[in-house]
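Observations on the model geometry
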Amino acid sequence: MKYFRLFANCKIVRGAKRSTLCDLYKGRIKIIPTLLDEVLCKLQEATITDTKIHFESAYDEGIDLYLNDLISDDWGFYTEEPHLFPDMSLEFHSHSLILNSILDWDDNSDYDFSESLRELEELGCENIQIRYYGQDVDVFGHRLISMLKNHNFTYVEFYFREISLHNKDLIGEFINSFLIQKFVVFDCEKTEEMISKEDSNKNLLAQIVYTKSSLSEESCGVIDSKWFYANINFYTEGIDHNTCLNRKVSVSREGFLKNCPSMKNSYGHRSKLSFKELINMEQFNRYWSISKSKVSTCRDCEFRLVCPDCRVFIQDEKDIFSKPAKCKYDPYTSTWS
Ligand code: SF4
Ligand code: SF4
């Protein structure tokens with residue numbers, strides 16, 4: 001008896017009008033019609049022959065064509081022993097009390113930056129974004145190099161204005177010390193480009209993004225298909241959690257603790273409140289469990305498990321479960337406006 005199986009890492013997400021196949025290993029997203037989604041779901045429990053009978057043999061030829069296409073494009077395979085291919089676990093696991101953080105800084109900031117890095121590392125934070133808004137990134141950058149040398153963050157992004165960079169060797173110094181994986185140089189006068197720095201074995205050392213865009217607390221939260229992310233961690237986290245704010249902490253330039261820098265309300269000043277105290281505040285962590293399946297419109301969107309969320313710029317400020325305001329996709333018509 002012949003069965004068809006999707007690879008365990010290829011997941012179907014049904015939307016209001018169509019569905020997606022998300023390949024969580026290869027990072028691919030394929031849009032499929034709802035009918036194929038229904039056929040694939042039936043095939044997970046029945047043979048190909050029984051599936052065709054279930055659909056009253058109305059789609060026999062189409063089913064064969066679709067399955068052959070899916071196999072040639074590496075989404076699935078035929079087997080006579082489906083029990084040998086169990087589903088993968090979709091549980092999200094992380095021992096980190098903080099998953100990611102944003103630290104903002106300008107020339108007037110005076111909270112304890114070094115102590116903030118120390119506590120973030122102690123709480124297991126691996127991903128950190130540092131955004132410098134001041135006039136002289138050379139001075140701050142050299143301070144940052146010596147501070148980061150004492151830590152082992154897995155992924156660090158560093159943002160600063162083009163005009164604040166006087167010593168062009170600064171980025172090279174960071175790259176040579178393996179301290180930062182991504183630089184975003186914003187407010188660029190002319191350039192709009194991305195440069196990848198590799199070592200002699202073609203291993204990626206860092207990415208440098210030059211953009212004419214400005215960085216501000218208002219510029220965040222844009223939802224675009226170029227930010228869709230088909231990845232096991234992102235997907236599994238998004239089933240029950242908010243993929244932007246879950247276990248995220250941020251410190252504003254003035255030193256106030258927030259879920260993210262764009263939020264209006266803060267929970268206190270860094271000089272008075274530790275990150276550990278912050279993440280135990282019920283008010284603070286109320287956003288963590290707002291998964292896309294709880295957000296209006298998004299819950300019906302076929303991209304909900306690969307799409308980042310925003311809980312600051314939302315359509316209805318009074319409804320924390322309303323759709324991100326900066327999303328132009330309508331899952332009920334499958335169109336981007
Ligand atoms: S409707 Fe929601 S899930 Fe769909 S693309 Fe927009 S923000 Fe993402
Ligand atoms: S919640 Fe919105 S504004 Fe805040 S970091 Fe996420 S995307 Fe940006």
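Residues numbered from 1 in each chain as written. Chains lettered and ligands numbered in written order. Predicted model: local features only at pLDDT ≥ 70, side-chain atom pairs only at ≥ 80, totals over all residues.

Bringing the overall build of the chain into the picture now. Within the chain one finds eight helices and 15 strands. Principal-axis analysis of the C-alpha atoms gives the chain an extent of 70 × 50 × 40 Å. Classification of the 337 residues of the chain by burial places 32% in the buried group. (Helix = DSSP H or I, 4+ residues; strand = E, 2+ residues; numbered from the N terminus. Buried ≥ 20, exposed ≤ 12 C-beta atoms within 10 Å, placed from the backbone.)

Quick look at the domain arrangement of the chain now. Along its sequence, the chain is organised into domain 1 (3-84), domain 2 (96-112 + 119-126 + 222-337) and domain 3 (134-214). The straight-line distance from the C-alpha centre of domain 2 to that of domain 3 is 24 Å. Counting from both sides, the interface comprises five residues of domain 2 and, opposite them, eight residues of domain 3. The class makeup of the residues in the side of domain 2 that touches domain 3 is one nonpolar, no polar and four charged. (Domains from an automatic or database assignment. Contact = placed C-beta atoms within 7 Å. Nonpolar A, V, L, I, M, F, W, Y, C, P; charged D, E, K, R; others polar.)

Time to look at the nonpolar core. A general feature of soluble globular proteins is that nonpolar side chains tend to end up buried together. Within the largest apolar cluster, 67 residues are counted, with the highest numbers of intra-cluster contacts made by C22, I130, Y132, F158 and V306. Residues within four places of V306 in sequence aside, it is in contact with C22, I29, F228, Y229, A230 and Y235. (Core = buried A, V, L, I, M, F, W, Y, C linked by C-beta atoms within 7 Å.)

Moving on, we get to the sheet that holds strand β6 (residues 100-105). What the eight strands build is an open sheet, ordered β10-β11-β9-β8-β7-β6-β12-β13; its pairing is mixed. Each edge of the sheet is formed by a strand with only one pairing partner; in this case those strands are β10 (193-198) and β13 (257-258). The sheet strands contacting helix α4 (residues 113-122) are β6, β7 (127-132) and β12 (248-251), and the helix crosses β6 at an angle near 180°. Taken strand by strand, helix α5 (residues 137-148) contacts β6, β7 and β8 (155-161), and its axis lies near 160° from that of β7. (Pairing = 2+ DSSP bridges. Axes fitted to C-alpha atoms, helices over the stretch in contact; angles between N-to-C directions.)

The pairing of strand β3 (residues 18-23) with strand β4 (residues 28-33) spans six bridges and is classified as antiparallel. Opposite T20, over in β4, you have I31 as the bridge partner. Where β3 folds back onto β4 in an antiparallel hairpin, the turn is made up of four residues, including G27, whose phi is positive at roughly 75°.

Relative to the helices and strands, Y111 is located in the loop between β6 and α4. With 46 residues separating them along the chain, Y111 and L65 place their C-alpha atoms 62 Å apart. When near neighbours in sequence (up to four residues on either side) are disregarded, Y111 contacts S116, V251, G255, R270 and S271.

Turning our eyes to something else, we now look at α4. If you check which residues of α4 are buried, you get S116, L117 and L120. The buried residues of α4 all sit within an arc of 100° when viewed along its axis, so they share a single face. (Arc of directions from axis to C-beta.)

Lining the immediate surroundings of ligand 2 are C220, G221, C244, L245, C260, S262, C310, R311, V312 and F313. Its residues placed into classes, the shell around ligand 2 shows seven nonpolar, two polar and one charged. (Near = placed C-beta within 6 Å.)

Attention now goes to the sheet that holds β3. Picture the strands of a sheet paired through backbone hydrogen bonds; they go either parallel or antiparallel. Here we have three strands laid out as an open sheet, ordered β2-β3-β4, and antiparallel in their pairing. Bordering the open sheet on either side are β2 (10-14) and β4, each of which pairs with just one other strand. Averaged over all pairs of adjacent strands, the angle between their axes in this sheet comes to 25°, without regard to strand direction.

To continue, consider the site of ligand 1. Neighbouring ligand 1 are 13 residues; C298, C301, C307, C327 and Y329 lie closest to it. Looking at the shell around ligand 1 residue by residue, the classes come out as nine nonpolar, one polar and three charged.

A few words on helix α7 (residues 232-240). Residues Y235, T236, E237 and G238 constitute the buried set of α7. Looking at the buried positions of α7, the neighbouring elements they touch are β2 and β3.

Let us look at the environment of A325. The residue A325 is located in the loop between α8 (275-279) and β14 (329-330) in this model. Here A325 falls in the partly exposed class, since 16 other C-beta atoms lie within 10 Å of it. It is 23 Å that separates the C-alpha atoms of A325 and T211, two residues lying 114 residues apart in sequence. Leave out the neighbours within four places in its chain, and A325 touches F313, I314 and Q315.

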